Amino acid sequence: QVQLVESGGGLVQPGGSLRLSCAASGITFRDYDMGWHRQAPGKQRALVAGITGDRSTNYADSVKGRFTIFRDNVKNTVYLQMNNLKPEDTAVYYCRANWRATLDYWGQGTQVTVSS
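Residues numbered from 1 in each chain as written. Predicted model: local features only at pLDDT ≥ 70, side-chain atom pairs only at ≥ 80, totals over all residues. Heavy atoms only, no water.

A. Seen up close, the overall build of the chain. In terms of regular secondary structure, the chain is built from 0 helices and 11 strands. The order of α-helices and β-strands along the chain, N terminus first, is β-β-β-β-β-β-β-β-β-β-β. For 116 residues, the compact-globule formula gives about 13 Å, and the C-alpha radius of gyration of the chain, at 13 Å, lands near that figure. Viewed in the frame of its principal axes, the chain has a C-alpha envelope of about 40 × 25 × 25 Å. Residue burial in the chain is summarised as follows: out of 116 residues, 40% are buried. Within the chain, contacts between residues separated by at least 24 positions form 53% of all contacts whose residues are at least 6 apart in sequence. Of the roughly 6200 Å² of accessible surface on the chain, a fraction of 46% belongs to carbon and sulfur atoms. The average position of the 13 basic charges and that of the 9 acidic charges among the side chains of the chain differ by 2 Å. (Helix = DSSP H or I, 4+ residues; strand = E, 2+ residues; numbered from the N terminus. Rg over C-alpha atoms; globule rule 2.2 N^0.38 Å. Buried < 20%, exposed > 50% of the residue type's maximum accessible area, 1.4 Å probe, protein only. Contact = heavy atoms within 4.5 Å. Areas by Shrake-Rupley, 256 points an atom, 1.4 Å probe, with all protein chains shown as cover. Lys, Arg positive; Asp, Glu negative; His and termini not counted. Charge placed at Lys NZ, Arg CZ, Asp CG, Glu CD.)

B. Spotlight on the sheet that holds strand β7 (residues 67-72). Taking strand neighbours across the sheet as the criterion, the 4 strands line up as β1-β3-β8-β7 in an open arrangement whose pairing is antiparallel. Because the sheet does not close on itself, it has two edges, and the strands there are β1 (3-7) and β7. Averaged over all adjacent pairs, the angle separating strand axes in this sheet is 15°, with direction ignored. Bridging between β7 and strand β8 (residues 77-82) involves 6 bridges; their strand directions are antiparallel. Paired with F67 across the bridge in β8 is M82. (Pairing = 2+ DSSP bridges. Axes fitted to C-alpha atoms, helices over the stretch in contact; angles between N-to-C directions.)

C. Structural context of the pairing of strand β4 (residues 33-39). Among the 7 residues that make up β4, 5 are buried, leaving the element largely enclosed by the rest of the structure. Bridge count for β4 against strand β9 (residues 91-99) is 7 bridges, and the pairing is antiparallel. Considered in β9, the bridge of W36 is made with C95. Pairing between β4 and strand β5 (residues 46-51): 5 bridges, direction antiparallel. Pairing of W36 across the sheet is with A49, part of β5. Joining the antiparallel neighbours β4 and β5 is a turn of 6 residues, in which G42 adopts a positive phi near 80°.

Structure below.
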């Protein structure tokens, strides 16, 4: 059974930082492309950052220079380090695991709220 379990969300003030974690089980983690997506109220879910099995990364323009995605293939975990958070970063953040555009799995989501 595949499981993606996110953690690390919460309430933070503007300018603050959070690190999200996504622990994967039931997959050969190193073979999967991993990503973080987010969905704000009334908006569609959108890619925030992605990392391939060989650690190539890509980012949404809105988070470049502030967010960093990285993975630990021993711990089967992908992380999203979020710095200089802004109110517009408020959303539910979802972890995604994808294998060759064929197999696709999602976590349950973790809430990030940026507010003073």
